[in-house]
Amino acid sequence: MNTSEKKRSGFCSQCVSKCGVITITENDRLIKVIPDKNHPNGGICPKGASAPQIINHPERLLFPLKRTNPKGEEPIWKRITWKEAIRTIADKLKQISSETGSESVSYTFPTVGASGSFNWGPFLQRLMHVYGTPNYISHTNVCQWARDEGSKYTYGVGLPQPDFEHANLILIWGHNPADTNLQTWKRLMEAKKRGSKLVVIDPRRTTTAAAADLWIAPNHGTDSALILGCINFLLQNNSFDDKFLLNWTNAPFLVDKHTGKFLRPENYNPYEFLVIDKNQKPYKIDTREDPKIWSENILLTGEYTNEGVSAETVFSKLIKRASFFTFEKVEKITGIPYKKLVEFGELLCDVKPISYYSWNGLEQHVNSSSTNRALCILYSLTGYFDKQGGNIILPSLSVNLIKDQKLIPRSQQQKRLGIEKRPLGAPKISASGYDFADAVLNETPYLMRALLSFGSNMVTQNPGSGKIIEALKKLEFHVHVDMFHSPMTRFADIVLPAAHAWESPSLLAGFEGSLQTVQHIQYKPAISKAPGETRPDLQIIMDLALEMGYEDYFWNGDIEEAFNYYLQPLNLTLDKLRSQPVGISIPLQVSYCKYSEKTNEGVSGFSTPTRKLEIYSELLLQHGYDPLPQFEKPLTVPYYQDKSYDFPLVLSSNKLKSFCHSQHRNIAKLRKMHPDPFIEIHPQTAQMYKLNDGEWIQLASPNGRITAVTRITQNIPVGAVYTQAGWWDKCDELELLGFDPFSAEGSNVNQLVGIEHLDPLSGSEPLKSYRCQIYKMS
Ligand SMILES: Nc1nc2c(c(=O)[nH]1)N[C@H]1C(S)=C(S)[C@@H](COP(=O)(O)OP(=O)(O)OC[C@H]3O[C@@H](n4cnc5c(=O)[nH]c(N)nc54)[C@H](O)[C@@H]3O)O[C@H]1N2
Ligand SMILES: Nc1nc2c(c(=O)[nH]1)N[C@H]1C(S)=C(S)[C@@H](COP(=O)(O)OP(=O)(O)OC[C@H]3O[C@@H](n4cnc5c(=O)[nH]c(N)nc54)[C@H](O)[C@@H]3O)O[C@H]1N2
Ligand code: SF4
Ligand SMILES: [Mo]
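What counts and how
- Residues numbered from 1 in each chain as written.
- Chains lettered and ligands numbered in written order.
- Predicted model: local features only at pLDDT ≥ 70, side-chain atom pairs only at ≥ 80, totals over all residues.
- Heavy atoms only, no water.
- Axes fitted to C-alpha atoms, helices over the stretch in contact; angles between N-to-C directions.
- Helix = DSSP H or I, 4+ residues; strand = E, 2+ residues; numbered from the N terminus.
- Parallel < 35°, antiparallel > 145°, perpendicular 65-115°, else oblique.
- Contact = heavy atoms within 4.5 Å.
- Nonpolar A, V, L, I, M, F, W, Y, C, P; charged D, E, K, R; others polar.
- Buried < 20%, exposed > 50% of the residue type's maximum accessible area, 1.4 Å probe, protein only.
- Pairing = 2+ DSSP bridges.
- Near = heavy atom within 4 Å.
- Polar contact = N/O pair within 3.5 Å; in protein donor to acceptor, adjacent residues only side chain to side chain.
- Areas by Shrake-Rupley, 256 points an atom, 1.4 Å probe, with all protein chains shown as cover.
- Expected span 1.5 Å × (residues − 1).
- Salt bridge = Lys/Arg side-chain N within 4 Å of Asp/Glu carboxyl O.

**A closer look at the packing of helix H11 (residues 223-236) against helix H14 (residues 327-334)**
Contact geometry for H11 and H14: axes closest at 9 Å, N-to-C directions at 170°. When the axis of H11 is compared with that of H14, the two are roughly antiparallel. Along the contact surface, H11 presents Ala225, Leu226, Gly229, Cys230 and Phe233, while H14 presents Phe327, Val330, Ile333 and Thr334. Partitioning the contact of H11 with H14 into residue classes produces 7 nonpolar, 2 polar and no charged.

Okay, here's the thing in structure tokens:
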């Protein structure tokens, strides 16, 4: 090691895994990143190891830039000072706020799953809350809404963490951690070594699926039929935790057959409901009570009729609903062979404890919310919610909130785009790209005039991208902050150069995963010197806040003070963390079945309207949704594989280990792994279309065409086409050209995916189950 070389601990922020690593710098520039074996999250992938190539890339944005010609033309940039840039932005924000209201400004930042935004995104939200706009545009509707937010309609909380370390049966549903989450993948492989069984549910034979004890491949978007079939199988085989269902779910509640509402005693309080006792008589329970008082005496199934009231229990309703989904029917809908269904059903009956995790494969359909709800209910039958080896609500390090909703008036919060159409869905936390595009283009529900995009790539990552592009062109004022030019900067008025996560200080309190990682906290200073005039995003946010006159909310612009405020509840200071570069673990205690803990009121229960885990949701019913889980057809039914339709093939997409979304194509080490945008198809599909491996084709949907190269593989089901979102960039080092994300010669798959149908509850888009057709190049 030469004298100017330095070795330091840190963590990689480039994707969701947040791997613990050791960095090596030379003359204050990062030259190498290697895994840290002593870190609870130690590990590295090719993207993490490529950090030196990313941050030392010759195309880094180095100075603030201002557009000098009209939008729509190839931009001509003029270098400006930071002072001018920040002042121009602040002046424009103030002008818009006073003329048409702060809600006329939207903002966005890249997903925390594929950037360092976990660290500074909350500060941007804080800034925008103080400013008064609720219009945070995000991908939550397709990224993780059903799992993290939708599950609240059943569990009262988002899906708790899977306890892979103690499970004997693990279900990985629509997720390929071998390529997308190194830490989860490591945990799964360790669980397998320990003897746990792994079931992977994915239409595609991924690396994760290949490692499974059982791989189940449903037709795209038909998972809810599979899940309802499993519910039916468990019910038919009497394989459910009846004590858990009686005590802690609303399964025994009586539901009025006429109104669909719970039966309640006269003059009830919000926690009183009627169930039936063993003498077939209605019995009043209060969900704050310890269920031990009555659970021995009440029934799960049954009916009650009296004086014009006809009711049955939630559980009876569930049995009826699920009974349609025999494995014979499920086989027809999902394409999963009957024998495999039985094998899966038997595993669910016999092997405990069970834990599960789901991701994009369940999120990106027009029926994602109902599918997730079905999955929550299947899981509830096992009784492993918040039990060791199941999915447990882990404790977390308590820190001060940065984004703080209280900073934005309620009246402004209620103006968030999309909230009127989907009050229970994604707009509860953020608006979606299509809400933003609609507002800009149609000027409803009000004028949308400006966008602050701190990274993110709406052009390649949002379906219906034609509309997004039109909206970006029309915007009055657009600021984009990034490390590189991208299809977004083409429409921007001002471009600001961001420092990379390795060039910025950051603080992570709690690494996702197991108890061992959630109790770990680490401060990572800027490891590598930021090039040119680049600034950390957090610094840019602070600069803007001060210029806007918000110093009281922003620690007078002092980042260290901000971090110390964040740490305050832990009795920890930044200085203390600095002295422990690998981080500190603050021991947290796990407790199980927290719903049964005693409180002053009785028992804590669940954070749902009934205080029980909600198998039946009156709230969903009130909003016009099915109160019980149901199979809703994906867009690909009945088109699936029927060549008489114009677009008979299923259009799906997946992520690649080598890239995050639209990033990293310019890094030779990574691009070598996948030089060209490709479609993956099954040999039989290739034969149908007379395609050869390596042949360039055009892929079409009712919304347009794109170009890609064919890869023929047995891993893809017949009739499906797999693509990847995010192709646009060139790679000079490999002499590879870029792909125009705006035209048919390019390879922007989100030009094909349409948004005419969305998940009615969440607003999710059919990124994984749209329709397409292949054309040979003429
Ligand atoms: N390398 C890399 N890692 C990443 C990212 C990245 O861009 N690159 N992005 C990060 C982010 S933001 C996210 S959200 C995660 C996502 O991580 P994943 O969830 O692993 O993402 P995908 O590969 O998009 O989709 C997962 C699987 O869903 C399957 N699938 C498609 N349709 C269906 C279906 O109808 N049913 C079922 N059961 N499965 C289906 C696909 O075949 C695919 O294998 O990854 C994070 N990590
Ligand atoms: N068809 C299809 N579409 C998809 C998906 C799919 O599976 N199929 N997946 C969806 C999912 S799950 C998600 S989360 C979205 C992701 O969508 P985005 O979050 O928009 O995706 P990225 O391409 O990662 O956007 C990253 C941009 O931000 C910049 N950036 C990265 N880090 C930073 C940083 O720290 N600071 C700043 N200022 N800029 C930074 C990058 O250089 C890049 O230009 O895509 C969605 N779109
Ligand atoms: S898996 Fe993600 S966090 Fe880990 S090294 Fe790779 S890019 Fe970094
Ligand atoms: Mo995501």
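**Things to note about the pairing of strand S27 (residues 649-653)**
In terms of burial, S27 is a largely internal element, 5 of the 5 residues being buried. Burial of S27 is two-sided: the residues Leu649, Leu651 and Ser653 facing one way and the residues Val650 and Ser652 facing the other way are all buried. Sheet topology note: the S27/strand S32 (residues 770-776) ladder contains 3 bridges and is antiparallel. Paired with Val650 across the bridge in S32 is Arg771. Here S27 runs beside strand S31 (residues 720-723); their pairing, made up of 4 bridges, is parallel.

**Here we look at the site of ligand 1**
Near ligand 1 you find 33 residues, and of these Thr180, Asp202, Gly221, Phe659 and Tyr722 are the closest. Separating a nitrogen atom of ligand 1 from a side-chain N or O atom of Lys47 is a distance of 3.2 Å. Taking Leu656, its main chain carries an N or O atom lying 2.9 Å from a nitrogen atom of ligand 1. Considering ligand 1 on its own, with 910 Å² of exposed area, one finds that the protein chains cover 99% of that surface.

**A short note on helix H23 (residues 537-548)**
With 12 residues, H23 extends 16 Å from end C-alpha to end C-alpha; this agrees with the ideal 16 Å at 1.5 Å per step. When you tally the buried positions in H23, you get 9 out of 12 residues, the bulk of the element. Considered for burial, the residues of H23 that qualify are Asp537, Leu538, Ile540, Ile541, Met542, Asp543, Leu544, Ala545 and Met548. Buried residues along H23 sit against helix H3 (82-100), helix H4 (117-131), strand S19 (450-454), strand S20 (477-482), strand S21 (494-497) and helix H24 (559-567). In the segment just after H23, Gly549 is the residue with positive phi, at about 85°.

**Quick word on the sheet that holds strand S11 (residues 214-216)**
What the 4 strands build is an open sheet, ordered S11-S10-S9-S17; its pairing is parallel. Both edges of this open sheet fall to S11 and strand S17 (354-358), since each of them pairs with a single strand only. Averaged over all pairs of adjacent strands, the angle between strand axes in this sheet comes to 15°, irrespective of strand direction. As paired elements, strand S9 (residues 169-173) and strand S10 (residues 197-201) share 5 bridges and run parallel to each other. Each residue of the ladder has a partner; that of Leu171, found in S10, is Val199. Together, S9, S10, S11 and S17 form the strand contacts of helix H15 (residues 338-350), whose direction differs from that of S11 by roughly 120°.

**Brief notes about the pattern of salt bridges**
Taken as a whole and judged by the stated rule, the model has 38 salt bridges. Taking the shortest distance from any N to any O, the salt bridge between Glu165 and Arg187 comes out at 2.9 Å. Of this pair, Glu165 sits in the loop between strand S8 (161-162) and S9 while Arg187 sits in helix H9 (residues 182-194); the two residues are 22 residues apart in sequence, bridging distant segments of the chain. Classification of Glu165 as partly exposed rests on a relative accessible area of 30%. Note on Arg187: relative accessible area 12%, which makes it buried. Ionic pairing is found between Lys598 and Asp290, a salt bridge with its closest N-O pair at 3.2 Å. On the criterion of sequence distance, the pair formed by Lys598 in strand S25 (residues 598-599) and Asp290 in the loop between strand S14 (282-286) and strand S15 (303-306) is long-range, its members being 308 residues apart.

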